[in-house]
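# Coordinates in review
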Amino acid sequence: MQGALPHDHLHSDDDPDTGSELSEMDARVRALESLLTAKGYIDPAALDKLIETYETKVGPHNGARVVAKAWMEPDFRKWLLADATAAIASLGYTGRQGEHIVALANTPRVHNMVVCTLCSCYPWPVLGLPPVWYKSAPYRARAVIDPRGVLADFGVTLPADVEVRVWDSTAEIRYLVLPERPPGTERWSEDQLAAIVTRDSMIGTGLPAMPGERAQEPA
Amino acid sequence: MNGVHDMGGAMNFGPVVPERNEPPFHHEWERRAFAVTLAMGATGQWNLDQSRDARERTPPARYLASSYYRIWIAGLERLLLERRLVTRDELLDGQARTAPLPIANVLRADRVATVLARGASTQRERAAPALHRVGDVVRTRVVHPPTHTRLPRYCRGKRGTIVRVHGAHVFPDANARGQGEAPQWLYTVRFDAGELWGPDTTADAVFVDCWEPYLEASR
């Protein structure tokens, strides 16, 4: 089964971060796509549609709606924590890489962080495609053993008495962190709340971004 | 397989480096690589576990030196070659030289939204009742399968507590080998971080999703 691929001996992978990877991979993927199209295995228009979906429709703004609603409505929060897949589907977010979702509530005593040490499992319908760092070796290696060190990389320090729980997505269960609602937001609208729910706060590597603080990643 | 993809607990990869305002893709070839992989996956010529397995069979040094979507492309080419859907020569220049194999399900553009929204649940019926219940203490088996598995090395032979029963799900170890879905009960297991890492951790608990064959009863 294990065999050299045709490209293995044609290209040097010694330094994949150089511009040479760009042109090499560009040519390689172009060749692959035109071959599969010529064979009739793929429809290039479907590829455009797939890309458009994850560039414009699906992203962390979906998850932010879920979190804001859970902050506003105690019944929805209860439903989300009991059956996140159904609660999230009620907002229209369903499908690939989100067939089975579990929501994890942060509290003053508990902080949750999600990782996939084996690959890149991530709740696409609510967060979109994972960022590069989530798929990278530093995060996959360290999150399960040194989550506070990882949080420090994100500029987050938690009190020593907070229990840090790490969830390794080894199966098809996808995890969404429900961050704590920041104090002082009691009279805010759902839209205002959604605007402070960062992607990282739903992975557990960040906290909601209050106005005046710079969001690490706008949702 | 004890591959370098199984990164949990590995060290010396450096800090996690988040990118501000990160786009879903960084190059045009990444867009096409993502979409072509999903479109070929939709043809049903292989299953999700086989596609993960194909990526994990990237040789270790190359895996670590490769960007994420390069690993995807390497995995896709491997699958296409193994199933004789393309030849090595064809991959090199993208010119079709052999007749295509019949493919039943070509993903068309007008089906993309439906297919993505539907997803593919991995939950299945299983006649045998679950062996474990919430609260049970279990131990993960000490195993080193040479083929695909979702039991990370860092949590083999470790004692934990069942915190959730997810029903029966497709068993990746069998599915990746083409042995059918062989559904097994799936549990979330809580491990005290000290059980996994001794004193050398900043985590309090790590949760891992484990299929029943990964577990044995413990006291």
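Worth saying up front: this structure is predicted, and the values here are computed from it rather than measured. (Residues numbered from 1 in each chain as written. Chains lettered and ligands numbered in written order. Predicted model: local features only at pLDDT ≥ 70, side-chain atom pairs only at ≥ 80, totals over all residues.)

### What about the overall build of chain B?
Within chain B, the secondary structure is distributed over eight helices and six strands. Tracing chain B from N to C terminus, the helices and strands come up as α-α-α-α-α-α-β-β-β-α-β-α-β-β. Look at the contacts in chain B between residues 6 or more apart in sequence, and 63% of them connect residues 24 or more apart. (Helix = DSSP H or I, 4+ residues; strand = E, 2+ residues; numbered from the N terminus. Contact = placed C-beta atoms within 7 Å.)

### Focus: the interface of chain B and chain A
Taken together, the 84 residues of chain B in the interface contact 74 residues of chain A. Every element with two or more residues in the side of chain B that touches chain A is listed here: α1 (28–41), α3 (60–65), α4 (68–82), α5 (88–93), α6 (112–118), β3 (159–169) and β5 (205–211) of chain B. Of the residues assigned to the side of chain B that touches chain A, the class counts are 45 nonpolar, 18 polar and 21 charged. Two strands pair when backbone bridges link them, and strand β3 (residues 163–168) of chain A and β5(B) are joined in this way by four bridges, in the parallel orientation. Directly across from A:V166, in β5(B), lies its bridge partner B:V206. (Nonpolar A, V, L, I, M, F, W, Y, C, P; charged D, E, K, R; others polar. Pairing = 2+ DSSP bridges.)

### Side note on the pairing of strand β4 (residues 173–178) of chain A
Residue and element names in this part refer to chain A. Summarising burial for β4: six of the six residues are buried, a large majority. Of the two faces of β4, the one lined by I173, Y175 and V177 and the one lined by R174, L176 and L178 are each fully buried. Note that strand β1 (residues 100–105) and β4 share six bridges and pair parallel. Bridge assignment links V102 to a residue of β4, and that residue is Y175. (Buried ≥ 20, exposed ≤ 12 C-beta atoms within 10 Å, placed from the backbone.)

### Some points on the environment of B:P59
Locating B:P59 in the fold gives a position in the loop between α2 (48–56) and α3. Along the primary structure B:P59 and B:D49 are separated by ten residues, whereas in three dimensions their C-alpha atoms are 18 Å apart.

### So, unusual backbone geometry
All names here are of chain B. Of note, R84 is a non-glycine position whose phi angle comes to about 60 degrees, a positive value. If you check the backbone angles, A182 has positive phi at about 40 degrees while not being a glycine. With respect to the element layout, A182 can be found in the loop between α7 (172–175) and β4 (184–192). Taking the C-beta count within 10 Å as the criterion, A182 has 17 such neighbours and is therefore assigned partly exposed.

### Considerations on the confidence of the model for chain A
Predicted confidence across chain A gives a mean pLDDT of 90, with 86% of residues reaching 70 or more. Counting interchain partners and residues more than four positions distant, the pLDDT-below-50 stretch residues 8–18 of chain A has ten contacts. (pLDDT = per-residue confidence, 0-100.)

### Some thoughts on the nonpolar core
Within the largest apolar cluster, 113 residues are counted, with the highest numbers of intra-cluster contacts made by A:V67, A:V166, A:L176, B:V36, B:A39 and B:V206. Discounting chain neighbours no more than four positions away, the residues touching B:V36 are A:L32, A:E33, A:L36, A:I42 and A:L47. (Core = buried A, V, L, I, M, F, W, Y, C linked by C-beta atoms within 7 Å.)

### Notes on helix α3 (residues 60–72) of chain A
All names here are of chain A. The end-to-end C-alpha distance of α3 is 18 Å, a good match for the 18 Å that 13 residues give at a rise of 1.5 Å each. Counting buried positions over the 13 residues of α3 gives eleven, a clear majority of the element. Turning to α3, its buried residues are P60, N62, G63, A64, R65, V66, V67, A68, K69, A70 and W71. In the core, the buried residues of α3 are packed alongside α4 (74–82), α5 (84–89), α6 (124–127), β4, α10 (190–196) and α11 (199–203). (Expected span 1.5 Å × (residues − 1).)

### Remarks on the pairing of β3(B)
As a general feature of sheets, a regular strand has side chains that alternate between the two faces. Residues and elements named next belong to chain B. Pairing between strand β1 (residues 123–124) and β3: two bridges, direction antiparallel. Bridging from a neighbouring strand, Q123 pairs with H169 of β3. Sheet analysis places strand β2 (residues 137–140) next to β3, joined by three bridges and oriented antiparallel. By the bridge assignment for β3, R139 is matched with R159. As judged from the six bridges shared by β3 and β4, these two strands associate in the antiparallel manner. Across the sheet, the residue bridging to T161 is R190, located in β4.

### Some remarks on the packing of α2(B) against α4(B)
Residue and element names in this part refer to chain B. Remark: α2 packs on α4, axes separated minimally by 8 Å, with the N-to-C direction vectors making an angle of 110 degrees. The angle between the axes of α2 and α4 places the two elements in the roughly perpendicular class. Of the two possible hands of crossing, α2 and α4 adopt the one that is right-handed. Facing α2, whose interface residues are Q50, S51, A54 and R55, α4 presents I71, W72, G75, R78 and L79. Partitioned by chemical class, the residues of the contact of α2 with α4 number four nonpolar, three polar and two charged. (Axes fitted to C-alpha atoms, helices over the stretch in contact; angles between N-to-C directions. Parallel < 35°, antiparallel > 145°, perpendicular 65-115°, else oblique. Left-handed = near helix turned anticlockwise from the far one by under 90°.)

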